[in-house]
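# Chain and residue survey
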Amino acid sequence: MTTASLRSVYPAAPTPLSPESGRGLGRGFDPRVLRREFPIFVNNPDLVFLDSGASAQKPRSVIDRIADYYRTDYANVHRGVYRLSARSTELFEEAREKMRGFLNAADSREIVFVRNTTESINLVAQSWGPAFLKSGDEVLISVLEHHSNIVPWQLLRDRIGIRLVVAPLDATGGLDLAGFEARLSQRTRLVAITHVANATGAVVPIETVVRLAHQRGAKVLVDGSQAAPRLPVDVQALGCDFYALTGHKVYGPTGIGVLYGRYDLLLAMPPWQGGGEMILHVTFDKTEYQEPPHRFEAGTPDIAGAIGLGAAVDFIEELGRDNILAHEEALTGYGVDRLSHIPGLRLLDAGQRRLGILSFDLGGVHPHDVAQVLDQRRVAVRAGHHCAQPLMEWFGLPGTTRASLGVYNDERDIDRLAEAVEVAREMFAR
Amino acid sequence: MMDLRELYQDIILDHGRHPRNFRTIEQPTHFAQGHNPLCGDRVTIYLSLDGDQITDAAFQGRGCAISTAAASLMTEVLKGKTVEEARTLFAQFHARVTGDEPIVLPESLAEEAERLEPLTGVKAYPARVKCATLSWHALEAALKGGGPGAPIKTE
């Protein structure tokens, strides 16, 4: 990305960005050069960061945008008549519009700011759930899910008596579409499913899932935590009813996330938290609520977080989402190839398409022992069950070691990973 | 950062690969389960007591090299000890791995403390201290409760 183009996005940016930074090579951008835009790598030059699936590192433009906002434009939103508050509100709503563009939603009122993906899913479970589901209705999830797309439905089950149904995987580790279809029943009201599985990288064919679900009259909520940083997401093309994502995995700050919901659905949903910001008129007898999205944003929101997330979206769009996808695909392929040559290493199956995540078992060596050796060699990965214990159980493993990719990773990072895994293998060989 | 071989000394790797007393005791007088929710590791400790004396100690479960080796070494040093001695050993071991004020041991337990020395490398790795102490916390729960009870915490 060039100074000129970033300047045009951030006219107020005080820190000049190096002119050669991230300039596109053949595949769109050079990860090595791009790393200079991430202060964490400037401060930790030897770091091989392969844990973006847990949380991505932040580009300078995001960090600076948040600091700038606090320095020059900060005030509470949707309240003050003074100019600074109006400016702040404008920036906050601009960020909403950026998220609309990021997901290609039809209307920015379909973008609800929340804390993270977990809160997005809980919002749907606690607002839409009791309003539209009754005892005996079914919510269909899959074996691939993160705990955050399991537990909210269990809470709803315990509260109103829905049934939680789980679609299996096929022999390749992908969603078993026939098994999925067989579990869609007359009582299925909602399919809640991941777009890219956090523990294996398996990509779920959402268009097909949506088509099958809608044929039965069921709504579809997509957990886009791992997909949003990797794939171009078009909620209208996908046809889904809800799409949840978190800011910190798309190179944005922590504490901010998005729930996309089709406007007619949001409009019919009751508030889930009460307070300021979400009301039209309050008396002690009765309160009239705001229309979406503000109905679901009680209290002062994470204004700086939303604006920082907007900056992250600018960063992503400037790299090009097709370029990011091509980069993730190429590097995933390289990683699969490189790791497959390590004796005793078993990559978790991820179906027909794996994206951005390399999860493996090293001949039964405990993942924490593997990760400890990797850390010694400055390779940061995640070890354990990845908040997907039912999926680990499906594979018959207590946990795995997981390397997950970001825009700043390249083949050398994978080489360093593979070398460190070899060291671990030798150390713990039985 | 210290050399990783301080953490994974040969004795740890050996006990991690080939744990001793890795079995159940048919009719234990005391047993308890330890669970570390952070990593999913589980260990069950079985004890046979004759009066106040530990006549047999064994364990089952799954864990990393450190927690497996810690349980293995613990069951080795416990045999023949009194309950009081076991508790003293734990208190002293706990202090050593967490860097707390050291506890002076009676001369009679010096050899056992020496046996546990290789595990003290975890003190440079705060995230791994629980791996070394999980089986000891389960031991304490077993001595306290005697029965299955709820899985104990590792704090």
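Since we're looking at a predicted model, the values are computed, not measured.

A separate point is the overall build of chain A. Within chain A one finds 16 helices and 15 strands. At 22 Å, chain A has a C-alpha radius of gyration in line with the 22 Å of a compact globule built from 430 residues. If you line up chain A on its principal axes, its C-alpha atoms span 70 × 55 × 35 Å. Put simply, chain A has 430 residues, and 52% of those count as buried. Contacts in chain A between residues far apart in sequence, at least 24 positions, make up 69% of those at least 6 positions apart.

Each helix and strand in chain B was counted, giving six helices and three strands. Along chain B, helices (α) and strands (β) appear in the sequence α-α-β-β-β-α-α-α-α when read from the amino end. Taken against the 2.2 N^0.38 rule, which gives 15 Å for 155 residues, the C-alpha radius of gyration of chain B at 14 Å falls within 12% of a compact globule. Dimensions of chain B along its principal axes, counting C-alpha atoms only, are 45 × 35 × 25 Å. When burial is assessed residue by residue, chain B has 46% of its 155 residues classed as buried. Partitioning the intrachain contacts of chain B with sequence separation of at least 6 by distance along the chain shows that 63% fall at a separation of at least 24.

Right, let's get into the confidence of the model for chain B. Residue and element names in this part refer to chain B. With 92% of its residues at a pLDDT of 70 or more, chain B shows a mean pLDDT of 89. Model confidence for chain B, summarised as mean pLDDT per element, is weakest for helix 1 (residues 4-7) at 87 and strongest for helix 3 (residues 65-78) at 96. Among the prediction metrics, the complex's ipTM stands at 0.86, with pTM recorded as 0.90.

Residue and element names in this part refer to chain B. Two numbers describe how helix 2 (residues 10-17) lies on helix 3: the axes approach to 8 Å, and their chain directions differ by 85°. Comparing the axis directions of helix 2 and helix 3 gives the class roughly perpendicular. Note on element contacts: helix 3 touches helix 2 through Ala65, Ile66, Thr68, Ala69, Ser72 and Leu73, opposite Ile12, Leu13, His15 and Gly16.

Here we come to the environment of Thr72 of chain A. All names here are of chain A. When you line up the elements, Thr72 lands in helix 4 (residues 60-73). Looking at Thr72, the number of C-beta atoms within 10 Å reads 11, which means it is exposed. On a C-alpha basis, the gap between Thr72 and Phe38 in space is 23 Å, while along the polypeptide they are 34 residues apart.

Residues and elements named next belong to chain A. In space, the seven strands of this open sheet follow the order 2-8-7-6-5-3-4, with mixed pairing throughout. A strand with exactly one partner marks an edge of an open sheet, and here the two such strands are strand 2 (111-114) and strand 4 (163-167). Here the strands of the sheet are splayed against their neighbours by 20° on average, with no regard to which way each runs. Here strand 3 (residues 138-142) runs beside strand 4; their pairing, made up of five bridges, is parallel. Its bridge partner lying in strand 4, Val139 is registered against Leu164. Its contacts with the sheet put helix 5 (residues 83-103) on strand 2, strand 7 (242-246) and strand 8 (257-261), and the angle it makes with strand 2 is roughly 115°. In the packing of helix 9 (residues 206-215) onto the sheet, contacts are made with strand 5 (188-194) and strand 6 (219-223), and the angle to strand 6 comes to roughly 155°.

Residues and elements named next belong to chain A. Omega for the bond connecting Pro292 with Pro293 falls within 30 degrees of zero, at 5°, which places this linkage in the cis form. Turning to its location among the elements, Pro293 is positioned in the loop between strand 10 (287-289) and helix 12 (303-319). Positive phi outside glycine occurs at Arg378, with the angle close to 65°. Along the chain, Arg378 falls in the loop between helix 14 (367-376) and strand 13 (379-380). Notably, Cys387 is not glycine yet its phi reads approximately 55°, a positive angle. Within the fold, Cys387 resides in the loop between strand 14 (382-384) and helix 15 (389-395). Note on Cys387: 19 C-beta atoms within 10 Å, which makes it partly exposed.

Residues and elements named next belong to chain A. The strand order across the open sheet formed by four strands is 11-12-15-14, and the pairing between neighbours is antiparallel. One side of each edge strand has no neighbouring strand; the edge strands of this open sheet are strand 11 (345-347) and strand 14. Across this sheet, the average inter-strand angle for adjacent strands is 30°, counted without regard to direction. In this structure, strand 14 lies alongside strand 15 (residues 400-404), joined through three bridges in antiparallel fashion. Directly across from Ala383, in strand 15, lies its bridge partner Thr401.

A few words now on the interface of chain A and chain B. Listed per partner, the contact involves twelve residues of chain A and ten residues of chain B. Among the secondary structure elements, those contributing two or more residues to the side of chain A that touches chain B are helix 14 and helix 16 (411-428) of chain A. Among the elements that take part in the side of chain A that touches chain B, helix 14 of chain A stands out by supplying four residues, more than any other. In the side of chain A that touches chain B, the residues fall into four nonpolar, six polar and two charged.

Thresholds, definitions, all that
- Residues numbered from 1 in each chain as written.
- Chains lettered and ligands numbered in written order.
- Predicted model: local features only at pLDDT ≥ 70, side-chain atom pairs only at ≥ 80, totals over all residues.
- Helix = DSSP H or I, 4+ residues; strand = E, 2+ residues; numbered from the N terminus.
- Rg over C-alpha atoms; globule rule 2.2 N^0.38 Å.
- Buried ≥ 20, exposed ≤ 12 C-beta atoms within 10 Å, placed from the backbone.
- Contact = placed C-beta atoms within 7 Å.
- pLDDT = per-residue confidence, 0-100.
- Axes fitted to C-alpha atoms, helices over the stretch in contact; angles between N-to-C directions.
- Parallel < 35°, antiparallel > 145°, perpendicular 65-115°, else oblique.
- Pairing = 2+ DSSP bridges.
- Nonpolar A, V, L, I, M, F, W, Y, C, P; charged D, E, K, R; others polar.

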